[in-house]
Amino acid sequence: MKGNHPKRRRDKYNPYRICEMKGRFYVSFKDGQGVLHEFEISEQLYRAFDSFELEDLSYLNVWDRHLEQSEIYEETLNKRAVRMPPDVEETVLNRLLVEQLHGAIRELPQKQKRRLVLHYFDGMTFQEIADREGCSVRSVEYSIHNAIQSLRKFFKNF
């Protein structure tokens, strides 16, 4: 179809073309079998199709300005991350330290170990532990303080 086509970028999913020729308006499209169909349409319908294309163009421009068009790879995502993921060496070192901490906790006297685990791993307060064990808050504080001191000594000597 020869005529005045609006000169603009079109969405790749836009199935039709519109044009104006000698004051008459036309639309053309290919059907599912690839057969081209051309129809004369009213000016009002032409303006509606034109408006739809302009809306598509507006959307495409927003897409180009605001959405990323490049491929996303793990490396580029890591560079943009607020907190970089730890490297392999750091991960291994952290696991070793955690294993050593658990080993040091296992070496504590039973009462200190139980109270330390209840407080730091189970999130219980000194008062909750004291109520549970039927002792004073001061006794719980003292046990946990001594457990921490033992762990500090363990890691200083390590």
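Residues numbered from 1 in each chain as written. Predicted model: local features only at pLDDT ≥ 70, side-chain atom pairs only at ≥ 80, totals over all residues. Heavy atoms only, no water.

Student: Got a minute to help me understand the sheet that holds strand 3 (residues 36-41) in this structure?
Tutor: Strands in a sheet are paired, the pairing made by backbone hydrogen bonds, and the direction either parallel or antiparallel. Reading across from one edge, 1-2-3 is the order of the three strands in this open sheet, with antiparallel pairing throughout. Looking at strand neighbours, the two that pair on one side only are strand 1 (16-21) and strand 3, the edges of this open sheet. Across the sheet, the axes of successive neighbouring strands diverge by a mean angle of 25°, strand direction being ignored. (Pairing = 2+ DSSP bridges. Helix = DSSP H or I, 4+ residues; strand = E, 2+ residues; numbered from the N terminus. Axes fitted to C-alpha atoms, helices over the stretch in contact; angles between N-to-C directions.)

Student: Mind showing me how you'd approach the packing of aromatic side chains here?
Tutor: Aromatic rings in a pair are described by how distant their centres are and how their planes are angled relative to each other. Throughout the structure, instances matching the rule amount to five aromatic pairs. Between F25 and Y46, the ring centres sit 4.7 Å apart and the planes meet at 40°, which makes this aromatic pair tilted. Pair noted here: F25 is in strand 2 (residues 24-30) and Y46 is in helix 1 (residues 43-66), with a separation of 21 residues, a long-range link. In this structure Y46 comes out as buried when scored by relative accessible area, which is 5%. (Phe/Tyr/Trp six-rings, centres within 6.5 Å; stacked < 30°, edge-to-face > 60°. Buried < 20%, exposed > 50% of the residue type's maximum accessible area, 1.4 Å probe, protein only.)

Student: Help me understand the packing of helix 3 (residues 88-106) against helix 6 (residues 137-157), please; the structure alone is not making it clear to me.
Tutor: Axes are the key here: two packed helices are described by the angle between their axes and the distance separating the axes. The N-to-C vectors of helix 3 and helix 6 enclose an angle of 130°; their axes lie 10 Å apart at closest approach. Relative to helix 6, the element helix 3 is oriented oblique. Between helix 3 and helix 6 the crossing geometry is right-handed. Touching L97, Q100, L101, A104 and I105 of helix 3 are L151, F154 and F155, all from helix 6. When the residues that make up the contact of helix 3 with helix 6 are grouped by side-chain class, the tally is seven nonpolar, one polar and no charged. (Parallel < 35°, antiparallel > 145°, perpendicular 65-115°, else oblique. Left-handed = near helix turned anticlockwise from the far one by under 90°. Contact = heavy atoms within 4.5 Å. Nonpolar A, V, L, I, M, F, W, Y, C, P; charged D, E, K, R; others polar.)

Remember that the coordinates give geometry; whether it matters functionally is a separate question.
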